[in-house]
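Coordinates in review
For reference, the chains in residue letters:
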Amino acid sequence: MSVTERDLTEAEQTELLEEAALQEPDLQEDKAPAGPGDGEDIPVPPGAPRALLRSLLGPHRARVVLAMVMITIQQAALQVGPLLVSYAIDRGIPALRAHDWGPLIAVTAGYLGCAAVATLLQRSFIRLSGVINQAILLEMRRRIFRHAQALSLDFHERYTSGRIISRATSDVDTVRELLNEGLQELLSVILSVVYIAVLLIVMDWRLGLASLASVVPIYLFTRGYRRRSQAIYRRSRTAVAQVIVRFTETMNGIRPVQAFRREAANEEAFAVSNGEYTDANAQGLLSMAQFVASSRATANIWITGVVVWGAVLVTQGSLQLGVLAAFVLYLRRLFDPVDQVAMFLNSYQSASAALEKIAGLLAHEPSVPEPGEPVALPAKTEDAIPGRAVDFDGVAFSYRTGKQVLPRFDLRIPAGQSVAVVGATGAGKSTLAKLLARFYDPTEGKVTLDGVDLRELSTPELRRGVVMVTQESFLFSGTVAENIAIGRPDASREEVEEAARAIGAFEFIAALPEGFDTDVRKRGGRISAGQRQLVAFARALLADPAVLILDEATSSLDVPGEQAVQRAMATVLAGRTAVIIAHRLSTVEIADRVLVMDQGQVVEDGAPADLVSGTGRFAGLHQAWRESLV
Amino acid sequence: MSTQQDSRPAPEASDPSPPQPASHSATRSLLRLWPYVRPIRWFLTASTVSALLASLSALVIPLVLKNVVDGPVAHRDTGGLWRQGVLLLVLGLLEAGLFGLRRWFVARPLAGVERQMRADLYAKLQRLPVSFHDRWASGQLLSRATSDMYTIRLFLAFPLVFLIVNSMVFLTGIGIMFTLDWQLALITVLPAAPLIILCSYFERRYSAAARLSQDQNGDLATVLEESVLGIRILKSFGRHRTMAARYRAQAELLRGTELKKARLLADLWAVIVGLPELALGTSLAVGVVQVAHGSTTAGTLVGFLSTALSLRWPVESLGWLLAYSNEAATATDRFYEVMDARPADAEDGPVRDGSAVQAAPAPARDGIRLADVRFRYPDAPAGSPDLLTGVDLHVRSGETMALVGLTGSGKTTLTALLPRLYEIDGGRITLDGTDIREIPRARLRALVSMAFEDPTLFSASVSENVLMGAPDAPEEALERALDVAQAQFVRALPEGTRTQVGEQGLSLSGGQRQRLALARAVVGAPEFLVLDDPLSALDVHTEALVEQALRQVLAGTTALVVAHRPSTVLLADRVALLADGRITAVGTHHELLESNPEYRELMSGERTGGQAGERTGEGTEDGSLVR
């Protein structure tokens, strides 16, 4: 008896899955450091993947046990078949010749009963394991998402969006692949090998042991294959990541590509990555071919040997014919899963790598944690202005690498004051703003809002207090109205439209194909950079914070747009405390106070008029700007 | 990955998936692969033949076993036993070798097919007009270049071969079974028909569920991607919970579909496991009766059961193979959706020789001239007005013209028309007197150099990124361009101008990227320069320095500069005002400030008309828009 078509094709189906896993590229893994002095991968605490797995499986312990019991019985029922064949031949036939139908009826009933049990259990097992797997995946996705949201901004800047996305997509998919296909396969394979081994030895210990000895060469082949395929697998992953990076970069930058005639050069570069990937794939296929041929040959040689020896034993009378027949049938099944085990090992390897990465992400402590016992901001009296006082109290900030960005300083911004911050790139303006928005926590000292440390405020309380509008004005998929309503989800349509009107965005939004209901990702939803910034402002108006931070938030606006913003600050947002980081001196003019920063320090501080009439840097800048307007 | 299988452009990506194509059209789709398959057809044939021979030797093996049991064992014939043993061994080795060969024949050729298809797709996409790329999300294109290619390769490697092989094996096996014992054969074959029907029924429902789950997976990935890309906004407004609830709802939707898949799979497997076992059990009972009555031998029964077992897979696999072929047909359709799109130069009229541009006799140094240029985006909703309704503009040779206009008035669009990133719908644009439609694209784009509003850097070194504008430029040109753009910061980078930047390298700030994009535009000393708001992300200090240096470059170049600010406008000799789809005024900055109220409002914000007041500031007086 030998390898049938079924074995190979099933193995090939497994290969499909296995190769499918290969297709899930992990773009970011091969990425070079994303910024000076950082880009290090997060260290995975020892035991974290296992602890994660335990905590995910924990709630489903009873179901997992039930599933294991099911598959154990199912395999037993399935493996009984050939034994019954042997019994039918050895007992059923002679009994029938003696007109005793008993054994045959028993065998047939047994066979059909086992088939029914195996079928029903198979069905229940797939359903049950589906429920378990999906519950685990849902929980895993949820945890990754919530954790990613809780992690601080500096983490996001270091870790890059692509990595987080690939954690929650391709890594989760890899784990799902293993849960869905791999584990069931592995359990069946182990159980069937064990059952068959036991049955063979029980039926005839000599032939049984001889058959089981084949495990040794096959194990060696599998190990060799696994080593080779692992190396190829890594190469292929790296290569496909290259292909994908080149591809997406070209497609996302198609304008400069075409404008600068990069097509030919790009094709050459793409051909290199593409060739490398293809080569790795071909290598994988060849090594698979070699493994299939050698392990099959071994199995077939072994089967021949056992059958011939068995036949000799039968002719010598020390083995019954039915036992030989059963051996023949069982041997086929014993060698069935060889390819699958190799595949399983590969997919197990990639899934455990994925699980490790996920565990690493989840084990990362947010560096800007929520307070254990949040404090509320002091209540506002009726007639008080809506703004709140901001205090930087002995604050200093350094990067994790130790590089100091802001040396220790004190700064007090009274409630309702608007402060403009100017200075060259890298002067520390944005860091100042991020500390105030609590995107970072200071390394030393504290930032307070009406005397309350920002670290003691719950997130909702903090965001009622401080809102920041940045230069990048990302739009979420959905309508324009939904994008504005992010500022305050319970706002009515009237309030959304009013906020748009106040910022001078109403007209262009109304002119879109479906007005406020235009989907920003769909046809006709073409919104220019300046218009995006207006939407971002409308959002901030709607949120109505006590302190508003504008981080270069007007860079793409034209002069009327900028003036609409200034008017809104003067009317709708009057009385709020504002910190404005601007490239444009026109924005600065409306501020009550100007801070000039250089290398992390405030070098000038005063009312705009005072600074202009002085002799400092700001006066010089302002002079040059004035001249440009003439 | 998850954003894969929707066969249409992104805008409709989350819509429910299309119905399965009918099988004849699937065949037609797959036939389109012929040009790629043709060069490897002999390898494929060899592979199919090997697989067939291997499968047939696997079928013969049970017959040999029957002979072992019936012949030598029954007759205590040791010599005969050895002969049968050798035969068994040879067949086993043959089978193993042939299956190895089958893979070996096609490993490299198929990888080659995949490479060729991907290279063709990439080359094609680079040559499709920008308007095509506007319609297609890059993720959709990517899934065509990766997972679809892979589906097609796998189809050629397995389903194509095994649809042929398994059918033949099945028929041969049935033949053998009927020869052995026609009654038993009949019992065994009977369930095959319902099995195939049930399998394909489940496969169909399963692949519909699978398609749905892929779409939902894509939607889930979108929520995730946005929540990460927009993390600053979410953190700013403290909206993680809203987003988390959205994500959870999507994830639960996906779980529902996955559970449906699991239930279908469970039913499918129940059928696959149950029906053949039923048939085997019955034929075992009948076979035993026959052996007992002496109408057949024990060896025949063993051989029969083995053959029946080995035919289980070819039957079961049919549903799966067909489902996979359908998927490959979809993948092929998706591939050709892109390959069939018309490239940018398809509609080109007669193209003059590249040298004609310099040789063009007439007004030799005419600069850039736009005459009655009309344009609308191809994907603009029907009924909406054209974006550009008749632009007339003349930028004299050597002159720098600033282009100003309200946000959204079409300035950026206008700049994209010059290098023909988009095709104009009416009117004409000439460079030194030659219609741009008569200049080959490559030549045109060498003449016109651009800096885009959104500066894109590629994964390459700083110098490669800058020298894109002029691959053959000398080292001094690079240095000069970096100086003009005030991009001296690159010298402080870890490896100077050889530092890798872009997606796979060092990430630079918006201002730094903008300066490199500017350097890229000016490095080749182009004849025509188009700058789209080139200084927007620069701080005041740097802006002043760049302006100073840029002035010298612009002195000798014909340039069109989109400007939002007076300071940028001052780089230009004259200013053109774009409003309502046409140029409404041209003049120097001062002339327009004097004479044009709209321009004055745009540049200084001073409102002059009553109408302007309605644009803005309708907030309530007490400043309490909310609460």
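Residues numbered from 1 in each chain as written. Chains lettered and ligands numbered in written order. Predicted model: local features only at pLDDT ≥ 70, side-chain atom pairs only at ≥ 80, totals over all residues. Heavy atoms only, no water.

**Some remarks on the overall build of chain A**
Along chain A, the regular secondary structure elements total 22 helices and ten strands. Of all 630 residues assigned to chain A, the portion counted as buried reaches 60%. Long-range pairs, those at least 24 residues apart, make up 78% of the contacts in chain A with a sequence separation of at least 6. Element-wise, carbon and sulfur atoms account for 57% of the exposed surface of chain A, whose accessible area totals about 23,400 Å². (Helix = DSSP H or I, 4+ residues; strand = E, 2+ residues; numbered from the N terminus. Buried < 20%, exposed > 50% of the residue type's maximum accessible area, 1.4 Å probe, protein only. Contact = heavy atoms within 4.5 Å. Areas by Shrake-Rupley, 256 points an atom, 1.4 Å probe, with all protein chains shown as cover.)

**Quick word on the sheet that holds strand β6 (residues 448–451) of chain B**
What links the strands of a sheet is backbone hydrogen bonding, and the strands pair in either a parallel or an antiparallel sense. Residues and elements named next belong to chain B. One open sheet accounts for six strands, arranged β6-β9-β10-β3-β11-β12; its pairing is mixed. Across the chains shown, the open sheet's two edge strands, defined by having one partner strand only, are β6 and β12 (582–587). For this sheet, the mean angle separating the axes of adjacent strands, direction not counted, is 20 degrees. Both strand β11 (residues 574–579) and β12 contribute to a ladder of five bridges, which runs antiparallel. Its bridge partner being in β12, Ala579 is matched across the sheet by Arg582. Contacts from helix α22 (residues 597–604) reach β3 (400–405) and β11 within the one sheet, and its direction differs from that of β11 by about 100 degrees. (Pairing = 2+ DSSP bridges. Axes fitted to C-alpha atoms, helices over the stretch in contact; angles between N-to-C directions.)

**Regarding the interface of chain A and chain B**
If you look at the interface, chain A gives 190 residues, while chain B gives 181 residues. For the chain A and chain B pair, buried surface summed over both sides reaches about 17,500 Å², with 65% attributable to carbon and sulfur atoms. In this structure, the connection of chain A to chain B is made through four salt bridges. The partner of Asp267(B) in a salt bridge is Arg123(A), with the nearest N and O atoms 2.6 Å apart. Taken together, the connections running from chain A to chain B amount to 19 residue pairs in polar contact (both at pLDDT 80 or more). In terms of residue count, the dominant contributor to the side of chain A that touches chain B is helix α10 (residues 263–316) of chain A (29 residues). Counted by class, the side of chain A that touches chain B contains 92 nonpolar, 54 polar and 44 charged residues. (Buried area = accessible area lost by both parts, 1.4 Å probe. Salt bridge = Lys/Arg side-chain N within 4 Å of Asp/Glu carboxyl O. Polar contact = N/O pair within 3.5 Å; in protein donor to acceptor, adjacent residues only side chain to side chain. Nonpolar A, V, L, I, M, F, W, Y, C, P; charged D, E, K, R; others polar.)

**Things to note about the nonpolar core**
Grouped together as the largest cluster of nonpolar side chains are 103 residues, with contacts concentrated most on Phe247(A) and Leu125(B). The element contributing the most residues to this core is helix α12 (residues 298–339) of chain B, with 18 residues. Those residues in contact with Leu125(B) that sit more than four places away from it in its chain are Phe247(A), Met251(A), Ile254(A), Phe132(B), His133(B), Leu141(B) and Val338(B). Counting residues in each nonpolar core, the second largest holds 88 residues, with Val469(A), Ala505(A), Ala540(A) and Leu542(A) among its members. (Core = buried A, V, L, I, M, F, W, Y, C linked by side-chain atoms within 4.5 Å.)

**Focus on the environment of Leu387(B)**
All names here are of chain B. Structurally, Leu387 is set in the loop between β1 (368–375) and β2 (388–395). Sequence spacing of Leu387 and Thr413 is 26 residues, and the spatial spacing of their C-alpha atoms is 8.7 Å. Other than its neighbours up to four places away in sequence, Leu387 contacts Phe375, Arg376, Tyr377, Gly408, Ser409, Gly410, Thr413 and Gly581.

**Section: the packing of aromatic side chains**
One pass over the structure, following the stated rule, counts 15 aromatic pairs over all chains. Note on Phe145(A) and Tyr247(B): the rings are 4.1 Å apart at their centroids and 15 degrees apart in plane angle, and the pair reads as stacked. In this pair, Phe145(A) is assigned in helix α4 (residues 102–150) and Tyr247(B) in helix α11 (residues 240–293), connecting two distinct chains. Phe145(A) gets classed as buried once you look at its relative accessible area, which sits at 2%. Taken together, the aromatic side chains of Phe247(A), Phe270(A) and Tyr122(B) make up a single cluster linked through ring pairs. Note that Arg501(A) overlies the ring of Phe506(A), its terminal NZ or CZ placed 3.9 Å from the centroid. Positioned above the aromatic ring of Tyr336(B), the side-chain terminus of Arg32(B) is 3.8 Å from the ring centre. (Phe/Tyr/Trp six-rings, centres within 6.5 Å; stacked < 30°, edge-to-face > 60°. Lys NZ or Arg CZ within 6 Å of the ring centre and 35° of its normal.)

**A look at the environment of Gln471(A)**
Of note, Gln471(A) is situated in the loop between β6 (466–469) and α15 (480–485). Taking the C-alpha atoms as reference, Gln471(A) lies 7.5 Å from Gln533(A); in sequence the two are 62 residues apart.

**Here's the deal with the pairing of β11(B)**
Residue and element names in this part refer to chain B. Counting buried positions along β11 gives six out of six residues, so the element sits mostly inside the fold. Going residue by residue along β11, you find Arg574, Ala576 and Leu578 tucked away on one face and Val575, Leu577 and Ala579 tucked away on the opposite face as well. In this sheet, β11 lies alongside β3 in parallel orientation, the contact comprising five bridges. Within β11, the residue paired with Ala402 across the bridge is Val575. The antiparallel pairing of β11 with β12 creates a hairpin that spans two residues between the two strands, and Asp580 there sits at a positive phi of about 55 degrees.

**Things to note about helix α17 (residues 475–484) of chain B**
Residue and element names in this part refer to chain B. Buried within α17 are the following residues: Ala477, Leu478, Ala481, Leu482 and Val484. Each buried residue of α17 sits inside an arc of 160 degrees when the element is viewed along its axis, so together they form one side. Exposed and oriented more than 90 degrees from the buried face of α17 are Glu476 and Arg480. Directly beyond the C-terminal end of α17, a positive phi value near 55 degrees is found at Gln486. (Arc of directions from axis to C-beta.)

**Some words on helix α13 (residues 429–436) of chain A**
The buried count for α13(A) comes to seven of eight residues, which makes it a mostly enclosed element. A positive backbone phi angle near 55 degrees is found at Arg438(A), which sits one or two residues after α13(A).

**Quick notes on the confidence of the model for chain B**
Residues shown with low pLDDT carry predicted positions that ought not to be read at fine detail. All names here are of chain B. The predicted model of chain B has a mean per-residue pLDDT of 79, with 86% of residues at 70 or higher. Long-range and interchain partners of residues 1–24, a stretch whose pLDDT sits below 50, account for 54 contacts in this model, where long-range means more than four residues apart. Note that residues 608–627 has pLDDT below 50 and, in this model, 39 contacts with residues that lie over four places away or in other chains. (pLDDT = per-residue confidence, 0-100.)

**Structural notes on the packing of helix α8 (residues 215–252) of chain A against α10(A)**
All names here are of chain A. It is the contact of α8 with α10, at a shortest axis distance of 9 Å, that shows an interaxial angle of 160 degrees. Viewed along their axes, α8 and α10 adopt a mutual orientation that is roughly antiparallel. The handedness of the crossing between α8 and α10 comes out as left-handed. Residues belonging to the contact of α8 with α10 are distributed by class as follows: 16 nonpolar, 15 polar and five charged. (Parallel < 35°, antiparallel > 145°, perpendicular 65-115°, else oblique. Left-handed = near helix turned anticlockwise from the far one by under 90°.)

**Structural notes on unusual backbone geometry**
A positive phi angle is found at Arg438(A), which is not glycine, with a value near 55 degrees. Overall, Arg438(A) belongs to the buried group, its relative accessible area being 7%. Positive phi, close to 40 degrees, is recorded for Asp533(B), a residue that is not glycine. Its relative accessible area of 3% is what places Asp533(B) among the buried residues.

**Quick notes on the pattern of salt bridges**
Taken as a whole and judged by the stated rule, the model has 38 salt bridges over all chains. A salt bridge links Glu114(B) to Arg118(B); the nearest nitrogen and oxygen atoms lie 2.6 Å apart. With Glu114(B) and Arg118(B) both in helix α4 (residues 78–127), this residue pair falls four residues apart, about one helical turn. The two residues Glu114(B) and Arg118(B) agree in class, both being buried. One salt-bridge network, held together by shared partners, links Arg235(A), Glu276(A), Asp279(A) and Arg108(B).

**What about the environment of Ala111(B)?**
With respect to the helices and strands, Ala111(B) occurs in helix α4. Counting along the chain gives 46 residues from Ala111(B) to Ala157(B), while the straight-line C-alpha distance between them is 10.0 Å. Setting aside residues no more than four positions away along its own chain, Ala111(B) makes contact with Thr278(A), Ala282(A), Val106(B) and Arg153(B).

**Section: a nonpolar patch on the surface**
All names here are of chain A. A contiguous nonpolar surface patch, about 300 Å² in accessible area, is contributed by Val65, Val69, Ile73 and Val117. If you tally residues by element for the nonpolar patch, the top one is helix α3 (residues 61–97), at three residues. Counting through the fold element by element, Val69 comes out in helix α3. Given a relative accessible area of 42%, Val69 falls into the partly exposed group. (Patch = residues over 30% accessible without salt bridge, like charges linked within 9 Å, V, L, I, M, F, W, Y side chains within 5 Å.)

**Digging into the sheet that holds strand β1 (residues 390–398) of chain A**
Residue and element names in this part refer to chain A. Overall, antiparallel pairing links the four strands, which are arranged β2-β1-β4-β5 in an open sheet. Strands at the two margins of the open sheet, each flanked by one partner only, are β2 (404–413) and β5 (452–453). Its contacts with the sheet put α13 on β1, β2 and β4 (444–449), and the angle it makes with β1 is roughly 120 degrees.

**Section: the pairing of strand β9 (residues 528–532) of chain B**
Residue and element names in this part refer to chain B. Counting buried positions over the five residues of β9 gives five, a clear majority of the element. By the alternation rule, side chains of β9 split into Phe528, Val530 and Asp532 and Leu529 and Leu531, which are all buried. Inspection of the sheet shows β6 paired to β9 by four bridges, in the parallel sense. Counted as the bridge partner of Ala451 is Leu531 from β9. Pairing analysis gives five bridges linking β9 to strand β10 (residues 558–562), with the strands arranged parallel. Note on β10: the bridge partner recorded for Phe528 is Thr558. One crossover worth recording links β9 to the parallel β10 by way of helix α19 (residues 540–555), and it is right-handed. (Right-handed = clockwise from strand over helix to strand, strands pointing away.)

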